[in-house]
There are 6 protein chains.
Amino acid sequence: MQKIAVFPGSFDPFTVGHENIVLRALDLFDRIIVAIGIHSTKQPLLKIEARVKMVNRVFESYDQVSADSFEGLTVDYCRKVHATHMIRGIRTSADFEYERAIAQINKKMLPEVESIFLLTTPEHTPVNSTIIRDIIRNGGDASQFLPRGLDIKDYL
Amino acid sequence: MQKIAVFPGSFDPFTVGHENIVLRALDLFDRIIVAIGIHSTKQPLLKIEARVKMVNRVFESYDQVSADSFEGLTVDYCRKVHATHMIRGIRTSADFEYERAIAQINKKMLPEVESIFLLTTPEHTPVNSTIIRDIIRNGGDASQFLPRGLDIKDYL
Amino acid sequence: MQKIAVFPGSFDPFTVGHENIVLRALDLFDRIIVAIGIHSTKQPLLKIEARVKMVNRVFESYDQVSADSFEGLTVDYCRKVHATHMIRGIRTSADFEYERAIAQINKKMLPEVESIFLLTTPEHTPVNSTIIRDIIRNGGDASQFLPRGLDIKDYL
Amino acid sequence: MQKIAVFPGSFDPFTVGHENIVLRALDLFDRIIVAIGIHSTKQPLLKIEARVKMVNRVFESYDQVSADSFEGLTVDYCRKVHATHMIRGIRTSADFEYERAIAQINKKMLPEVESIFLLTTPEHTPVNSTIIRDIIRNGGDASQFLPRGLDIKDYL
Amino acid sequence: MQKIAVFPGSFDPFTVGHENIVLRALDLFDRIIVAIGIHSTKQPLLKIEARVKMVNRVFESYDQVSADSFEGLTVDYCRKVHATHMIRGIRTSADFEYERAIAQINKKMLPEVESIFLLTTPEHTPVNSTIIRDIIRNGGDASQFLPRGLDIKDYL
Amino acid sequence: MQKIAVFPGSFDPFTVGHENIVLRALDLFDRIIVAIGIHSTKQPLLKIEARVKMVNRVFESYDQVSADSFEGLTVDYCRKVHATHMIRGIRTSADFEYERAIAQINKKMLPEVESIFLLTTPEHTPVNSTIIRDIIRNGGDASQFLPRGLDIKDYL
């Protein structure tokens, strides 16, 4: 059986923390899909297409990893791509509570897909997309919190 | 002295978790009012009237329980209906912090009404209205998270 | 049906925080039993008998409230005294996680007894028996953290 | 070296809790600037100018303390006023996680400014601006949660 | 490359929660070793040999899973058995903080072994070994919290 | 007024995390005393004298910093050395709850001493003395978690 993991999120933007989670999960799966959820209500920093392009660029040398976008429920997307697992990174205990609720509800709705979690490394723990987005919006330099070699201006 | 409990919330929608809290609190009170707060700013899934109707339907065989809606502060509503207690369910430790602040402020503003808390049973812990609302909005089947016998389509 | 609540704990010592919980729960129950658990392994500050005496002294003008001690499981004690409810105070979110586990396990073992929770008032939130015990053991003055009129020296 | 602390926040409104933090930090710094961040997206209760006026009024007898407003990143404002420290109050463990992330990111972006934290006193722990704002918006009396002598009507 | 996961813990006793974690992790690994740590200081309920026997009995129909005991650091044990991963279950946010510290320290000491986490299912969240141990020590019936078919008396 | 800060703790052992807190607090105080509490009940890894020696060695080039040991309550020690402040580092939200209780109780007992908090930097967040002590006791190499240039063997 092929092991296919979906790594769902907003990734607005995709940070060093997200990159690190994918790299550490690589040898557990045959394929990892970074699945960017489309939420019509939130005003994003980056367009969906820019985020897909950004993630594909980060993993251009990894055939196993690809980026995709989806609308609707994560479990429906998992069904569509025949995912066997979902991956999530957890940074803090505040994240944890929410992640646990989501994972347990997903498990009820789609029992055959198991959620597994990686904890961020210490240096990536404070890096959360909301804060990074705020820095970029205010013209600050967020490059140390983004995957190496990325210029956020190429995606804005 | 009659014991009258107000169970305030948005209940958008009213879930199995909420139902379970009311049922477990029943024998402590002469009357329980499920009080649905009207918040002009949030875009709800269900109209206030639909939510009142929904809760009344769930407890139609319980004379002790009724639904009502209110605008403004919960403490003002409690005063109006001569409540002696407020009931709240707590699911997670993230909920807890917020509930504690609210309860302590309410106690300062209306010392004669005591807040009591029930903790959700394990199987209801992940059921939160935000997640359930998201499932319904995306066309998913949320019936296992709603009180038995309810069809959400009757209330949308 | 008589409503009998068990308020279980170590109460080593019984603090203003504990007293406050009992007083606020008084009008919900016909009887409240402060049930002091005997744990052979822990080295207590106060002997069990002194703790029972202390609690009885605090509530000497309340017929509804009495103190007792018990060995073994709390659910077994609840069965013995025909309790309908357990009361617990929660101070912090760290307490919360543990209290939730205990309440859920107790519910599985004795479904007919419901646990209800009161949250400490702000000024009592930092008062925990471990810290108070430490103050007393080191000869500090802990009287402001104990029920008014109690002299801890009478119980040591 | 002059010690200049920036106390950044929305302060919508400035509460007794905020006042208490400033007073307790006074003797550590030569100067404390209460820096009110302008966020274009949020719909505030009080205008920025009213908040600046309010804070200046609270500390009118303290030469060391002044109020200011700023747009953009807090680190940029700190640079501008040659701050040596940032002060933050922490109320709950939910606050803590977010404050830690912000402080760690700020430290990465501006290593020469150290963030120090004071924990709210017990009676101020439940006082958070969101809840107070809600009380004021609904016509409730929030005066006990505001600095003594302030009439919120003067600032609305 | 063979994927070998170590699932370290005290397992005193091994509960339905632990069993559930192993079963859900099964298809990610070629081999899972339930590794029971020997701590000379704690007074256990079950002897190490009884715990090893208990776990082997639970998974007797799974060739992939075996039980072992070890002294010393978990990272040293992982090195010895050529583990590629560690598995941990997380129940609550209180667990989370500690698990994160341990995982991050282990990663520093043995970078080639990745820790992955599964969150307990809702019904297993309150099941923690300390509480179960307490029930058994007090003569209570803990069978609903232990793997099906196990009689704890065979291992005491 | 001289600003004298007490940094109380067990420091068994003193880690890079502790060192980092002292260094970042240096410019706020005229004097920092690392005050090592003696607890007769706990079985330490390092003797009190070894810990005092260790801390003095770490800060031998800083005249402002000294190490001391004390028995009894921290507030009594603060009184004795005329401290104006206490410093504490907070690593996680689990720490936070306990630190808040301690700080609030200390404030009640000794209002003139203010507690201020620094949050650990990300890379030091997982470094806690219990885990480090466990590594050392099991013969692991903990040097990366100790102040640079220290050989733990000199203090065992």
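Refer to the structure printed above.
The sections below set out a description of the structure shown in this document. (Residues numbered from 1 in each chain as written. Chains lettered and ligands numbered in written order. Predicted model: local features only at pLDDT ≥ 70, side-chain atom pairs only at ≥ 80, totals over all residues. Heavy atoms only, no water.)

**Some remarks on the overall build of chain A**
Stage number 1. Along chain A, the regular secondary structure elements total five helices and five strands.
Stage number 2. In chain A, the succession of helices and strands from N to C terminus is β-α-β-α-β-α-β-α-β-α.
Stage number 3. Computed over its C-alpha atoms, the radius of gyration of chain A comes to 15 Å, within 12% of the 15 Å expected for a compact globule of 156 residues.
Stage number 4. By principal-axis analysis of the C-alpha atoms, chain A measures approximately 45 × 35 × 35 Å.
Stage number 5. Counting every position in chain A, which comprises 156 residues, the buried fraction comes to 62%.
Stage number 6. For chain A, restricting intrachain contacts to residue pairs at least 6 apart in sequence, the fraction spanning at least 24 positions comes to 78%.
Stage number 7. Here chain A displays about 6600 Å² of accessible surface, and carbon together with sulfur accounts for 46% of that area.
Stage number 8. On chain A, the mean spot of the 19 positive side-chain charges and the mean spot of the 20 negative ones are 3 Å from each other. (Helix = DSSP H or I, 4+ residues; strand = E, 2+ residues; numbered from the N terminus. Rg over C-alpha atoms; globule rule 2.2 N^0.38 Å. Buried < 20%, exposed > 50% of the residue type's maximum accessible area, 1.4 Å probe, protein only. Contact = heavy atoms within 4.5 Å. Areas by Shrake-Rupley, 256 points an atom, 1.4 Å probe, with all protein chains shown as cover. Lys, Arg positive; Asp, Glu negative; His and termini not counted. Charge placed at Lys NZ, Arg CZ, Asp CG, Glu CD.)

**Remarks on the interface of chain A and chain E**
A common way to state how big an interface is: give the accessible area lost once the parts meet.
Stage number 1. The partner chain E presents 27 residues to the 27 residues of chain A that form the contact.
Stage number 2. Both faces combined, the contact of chain A with chain E buries some 2300 Å², and carbon together with sulfur accounts for 63% of it.
Stage number 3. Where chain A touches chain E, the interface holds two salt bridges.
Stage number 4. Residues Arg24(E) and Glu114(A) are paired through a salt bridge, measuring 2.7 Å at the closest nitrogen-oxygen approach.
Stage number 5. Linking chain A to chain E there are eleven residue pairs in polar contact (both at pLDDT 80 or more).
Stage number 6. Every element with two or more residues in the side of chain A that touches chain E is listed here: β4 (85–90), α4 (93–109) and β5 (114–119) of chain A.
Stage number 7. Along the lines of polarity and charge, the residues of the side of chain A that touches chain E split into ten nonpolar, eight polar and nine charged. (Buried area = accessible area lost by both parts, 1.4 Å probe. Salt bridge = Lys/Arg side-chain N within 4 Å of Asp/Glu carboxyl O. Polar contact = N/O pair within 3.5 Å; in protein donor to acceptor, adjacent residues only side chain to side chain. Nonpolar A, V, L, I, M, F, W, Y, C, P; charged D, E, K, R; others polar.)

**Brief notes about the packing of aromatic side chains**
Stage number 1. Enumeration according to the criterion identifies 33 aromatic pairs over all chains in this entry.
Stage number 2. Ring centres of Phe59(B) and Tyr62(B) lie 6.1 Å apart, and the angle between their planes is 70 degrees; this geometry places the pair in the edge-to-face category.
Stage number 3. Note on Phe59(B): relative accessible area 2%, which makes it buried.
Stage number 4. Aromatic rings pair up to connect Phe7(A), Phe11(A), Phe14(A), Phe59(A) and Tyr62(A) into one cluster. (Phe/Tyr/Trp six-rings, centres within 6.5 Å; stacked < 30°, edge-to-face > 60°.)

**Comments concerning the environment of Met54(A)**
Stage number 1. On the secondary structure map, Met54(A) appears in helix α2 (residues 48–58).
Stage number 2. Excluding anything up to four places from it in sequence, Met54(A) contacts Pro13(A), Phe14(A), Leu46(A), Leu146(A), Leu150(A), Ile152(A) and Tyr155(A).

**Digging into empty space enclosed by the protein**
Stage number 1. Applying the stated criterion to the full structure yields six cavities of 30 Å³ or more.
Stage number 2. Estimated volume of the largest cavity: approximately 130 Å³.
Stage number 3. Around the largest cavity, the lining is made up of 15 residues, and of these Arg24(D), Ala103(F), Gln104(F), Lys107(F) and Glu114(F) lie nearest the centre.
Stage number 4. It is helix α4 (residues 93–109) of chain F that contributes the most residues to the lining of the largest cavity, four residues altogether.
Stage number 5. Looking at the lining of the largest cavity residue by residue, the class counts come to seven nonpolar, five polar and three charged. (1 Å grid on protein atoms, 1.4 Å probe; cavity = no way out; pocket = protein on both sides within 12 Å on 5 of 7 lines; lining within 4 Å. Points joined across faces, edges and corners; volume = space filled by probe spheres on them.)

**Digging into the side chain of Thr125(A)**
Stage number 1. By secondary structure assignment, the location of Thr125(A) is in the loop between β5 and α5 (129–137).
Stage number 2. The class for Thr125(A) is buried, based on a relative accessible area of 7%.
Stage number 3. A distance of 3.2 Å separates a polar atom in the side chain of Thr125(A) from the backbone oxygen of Thr121(A).
Stage number 4. Leaving out residues up to four positions away in the same chain, Thr125(A) has contacts with Arg91(A), Thr92(A), Thr120(A), Arg100(D), Arg100(E) and Gln104(E).

**Some details on the relation of the copies chain A and chain E**
Stage number 1. Aligned on chain E, chain A shows an RMSD of 0.0 Å; the corresponding rotation is 180 degrees and the shift along the axis is 0.0 Å. Expressed as a symmetry operation, the mapping of one chain copy onto the other fits a two-fold axis. (Least-squares fit on C-alpha atoms with pLDDT ≥ 70 in both.)

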